[in-house]
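The residues making up each chain are set out below.
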Amino acid sequence: MKAAENDVNSDPSFLGGSKLNITLHNGKTSGFLSLMGALQFMETDTVAIIGPQTSTMAHVLSHLSNELHVPLLSFMALDPSLSPLQYPFFVQTAPSDLFLMRAIAEMVSFYGWSDVIAVHTDDEGSRNGITTLGDELEERRSKISYKAVLPIDLTHSGSRIRDELGKIQRMESRIIVVNTFPRTGALIFEEAQRLGMIEKGYVWIATTWLSALLDASWPLPTETAKSLRGVLTLRLHTPDSRKKRDFMARWNKLSNGSVGFNVNALYAYDTVWIVAQAIKTLLDSGGNISFSNDTNLMKLEGGALNLAALSIFDQGSQLLKNVLKTKMSGLTGQIQFNSDRSMLQPSYDIINVLDDGFREIGYWSNHSGLSVVPPEPFYHSPPNRSSSNQHLNNVTWPGGTSVTPRGWVFPNNGRKLRIGVPNRASFKDFVQRINGSSNKVQGYCIEIFERAVKLLPYAAPHEFILFGDGIKNPNYNELVNKITTGVFDAVVGDVAIVTKRTRVVDFTQPYIESGLVVIAPVTKLNRNAWAFLRPFTPQMWAVTAAFFIIVGVVIWILEHRINDEFRGPPRRQIMTILWFSFSTMFFSHRENTVSTLGRMVLLIWLFVVLIITSSYTASLTSILTVQQLISPIKGVDTLISSTGRIGFQIGSFAENYMVDELNIAKSRLIPLSSPEEFAAALENGTVSAIVDERPYVDLFLSDYCNFAIRGQEFTRSGWGFAFPRDSPLAVDLSTAILSLSESGQLQKIHDKWLSKSNCSDPQDSQLANSEQLNLHSFWGLFLVCGIVCSIALFIYFGKIVHDFCQHVPEESIDSARTSPSKTLQTFLAFVDEKEEEVKRRVKRKRDDTCSNDHDVSRNRSERIGVVQTPLQC
């Protein structure tokens, strides 16, 4: 700061002949002494205050600055809660800790961690910084699971540090962020070293206090340096420049070798220049510096304190505006304030502490996020915060490993995981108590969980705790909610993954597919001689037969005038129509017997027939090979439109789903508790159908053969194990479940517990659910065929009308004009006449006309004695 003062005053004309005078006061980290020093400054008509170093004093002195209109500039009190709305005369001349905490949160997200422990001293700056970190982590679906708060006073802090670190050592998370002062931070790491916490598996991230300590005091004492191996820290980034290099060359002389160079020196130097530039702008604009009495303080005159000596800086507001308009190049780079008073382009170096020093592994900027190159080149392009664009170099972690730690371990607190298990009253193949014991359970779900736990890379001791009385099935929503209240650490059982539950807990990968289905009583459909009619509905049969006739008539119309097969007595022509339409499958053998238009129609009809035939064949095959079951209940749509009562299993989410999603009246729903009740209610008509999850239904149908699934599953979900939100156990168990699936173990467990059947293949009833083929499925094909027939007829009749006008004798037309009925009779006679006969008649008429013309010409030639050349007709 004195170097900056000297540089400003080296040019007497810079401040118009005035000099900048910086008076220093050492508050010795005491809030009281800092306040007294500030009051003394104000008695001497001070125009600006630089400092303090702590956010606690910044909060106090900001009130003084607001009252006396004296700008307060600090490059170290970077508490994010120091709002310009509350403290308008306070200005942070270095990036706020908001950006520091954002950088740490993005590092946590980059490495895939989700749970963080925060260690901080109980002062406003450290506390508010950790609060901001929690907000930033929450935006990235991470959290602070524990805050270890340490006293500011170091007199008895050793035991307190040990106690807090002992608690952390027994916790799950291994990501620890330390936000404190250099002396306290050094003690924390030395104690952690003694407790074995600077070892493999731990991640330590220190805020800028550590980078300042490293820059100012390296090499550190051996014990301190040893305790910092593998730690990550951040340093405010300042771009390389000639100004910066020149100043660093002056540093040893300026500090007399008492302290190493650190980034705070650069910000201190630039802060002085910010004030100097603001004063210069004030003076250059014709302003002067004056003070006036504070009427509020004058009223307090008479006490021991000389408050009346404190004066208001009349030009304070203008000087503040000039400060905020600063735009210059300093030792820290480009100095400029955004509209919210934050510094332009905040960025940090990310540092990894090693055995023999420390190295930069990357950078963070608010513009581009994490990178391995300095952020300046990115400022010229739009921000790109995509995950693929975030990079950091390799890190040497505590314990000397280069493998990124998982970030958590199973807590070593001597307590087993409390696993909630539904105490089912029915379908006990999934979960059941063993021999009336209080905590021993077995079943399909339990065996999958135990197999998955064995695949974890660590021990996970646990105990099962039954939930429910065993007389009726428990409410599964209540069971899952016990996780959020801390009663259970997890829930294992036949728990469906539904939206409502995923809002409060995390589930593993599903270990079995599930979904709601409808089961209803069915009647076996006996086979008989008319079974071949079942694939089509009556409407479909009628339309198909009609189109056979229509296509035959169209072919007859197109071929009647040109094809002898379509002529003759009416009976013969009717037989020909039927033969051509029903023998379409053999069209390729008779393609030369019809015209081009006829071929087009027959080809399209052939296409339609082939598709319909293949569908019919497939449906008929299933009818003849699968036991057919019929029921008035076709699926969930039938239930919704009907008024019958519907059963559901007690404890299942099916009840809420039908009421909330399907809008089925609750009065229609009947709770049932066991497979026996299912069967009895369906048989005696208490309910018309039951809605339940597919695994239960499959197990039920394996013993009860007079019922079947109707329709398809109308929800898609699965069963999983439930854990607290963001629990890493849920992730690791999901991986274990996938391994069980890939190795075939899941299927073996399923076959062991659930593959039992006293009935025919349950797939039979599912096939029976297929409905008859109806017109709705094929109307497009019939439409295409109808359009082609219409086009062919249009072309044909256009040609007929043209031929009629060209070839019918004029006398026939003249006579027909006198009567419309005769015109129609003439036209129909022409249409019915074979085309070859029309052509022969026209040719004969043309020949006769030509012959007559030749005779007339010859007679004329004989009269005049000219030899006539024979006329070519």
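Structure shown above.
Residues numbered from 1 in each chain as written. Predicted model: local features only at pLDDT ≥ 70, side-chain atom pairs only at ≥ 80, totals over all residues. Heavy atoms only, no water.

(A) Structural view of the overall build of the protein. Helix and strand counts for the protein stand at 30 helices and 31 strands. With 873 residues in all, the protein has 48% of them scored as buried. Surface summary for the protein: the accessible area is close to 43200 Å², and the carbon and sulfur share equals 54%. (Helix = DSSP H or I, 4+ residues; strand = E, 2+ residues; numbered from the N terminus. Buried < 20%, exposed > 50% of the residue type's maximum accessible area, 1.4 Å probe, protein only. Areas by Shrake-Rupley, 256 points an atom, 1.4 Å probe, with all protein chains shown as cover.)

(B) Representation of the sheet that holds strand β26 (residues 646-649) in the model. The strand order across the open sheet formed by five strands is β27-β26-β28-β23-β29, and the pairing between neighbours is mixed. Looking at strand neighbours, the two that pair on one side only are β27 (669-672) and β29 (707-710), the edges of this open sheet. Each adjacent strand pair in this sheet contributes to an overall mean axis angle of 35°, direction not counted. Two strands pair when backbone bridges link them, and β26 and strand β28 (residues 689-693) are joined in this way by three bridges, in the parallel orientation. Bridged to F648 within β28 is V691. (Pairing = 2+ DSSP bridges. Axes fitted to C-alpha atoms, helices over the stretch in contact; angles between N-to-C directions.)

(C) Spatial organisation of the packing of aromatic side chains. Tallied over the full model, the rule gives 29 aromatic pairs. A centroid spacing of 5.6 Å and a plane angle of 90° characterise the contact between W218 and F358, whose relative ring orientation is edge-to-face. With a gap of 140 residues between them, W218 in the loop between α8 (208-217) and α9 (222-227) and F358 in strand β14 (residues 357-365) connect regions that are remote in the sequence. Residue classification places F358 among the partly exposed positions, given a relative accessible area of 28%. Between Y348 and W364, the aromatic rings sit 6.1 Å apart at their centres with planes inclined by 40°, giving tilted as the arrangement. Note that Y348 is positioned in strand β13 (residues 347-354) and W364 in strand β14, a separation of 16 residues in sequence. Pair check on accessibility: Y348 and W364 agree, each one buried. Directly above the ring of F14 sits K280, whose terminal nitrogen or CZ lies 5.7 Å from the centroid. The ring centre of W408 lies 5.2 Å from the NZ or CZ of R406, which sits over that ring. (Phe/Tyr/Trp six-rings, centres within 6.5 Å; stacked < 30°, edge-to-face > 60°. Lys NZ or Arg CZ within 6 Å of the ring centre and 35° of its normal.)

(D) Representation of helix α11 (residues 263-284) in the model. End to end, α11 covers 32 Å across 22 residues, agreeing with the expected 32 Å (1.5 Å per residue, within 8%). Among the 22 residues in α11, 16 count as buried, and that is most of the element. The residue sitting at the N-terminus of α11 and contributing the capping side-chain oxygen is N262; that oxygen lies 2.9 Å from the backbone nitrogen of N264. Positive phi shows up at G286, right after α11, with a value of about 90°. (Expected span 1.5 Å × (residues − 1). Polar contact = N/O pair within 3.5 Å; in protein donor to acceptor, adjacent residues only side chain to side chain.)

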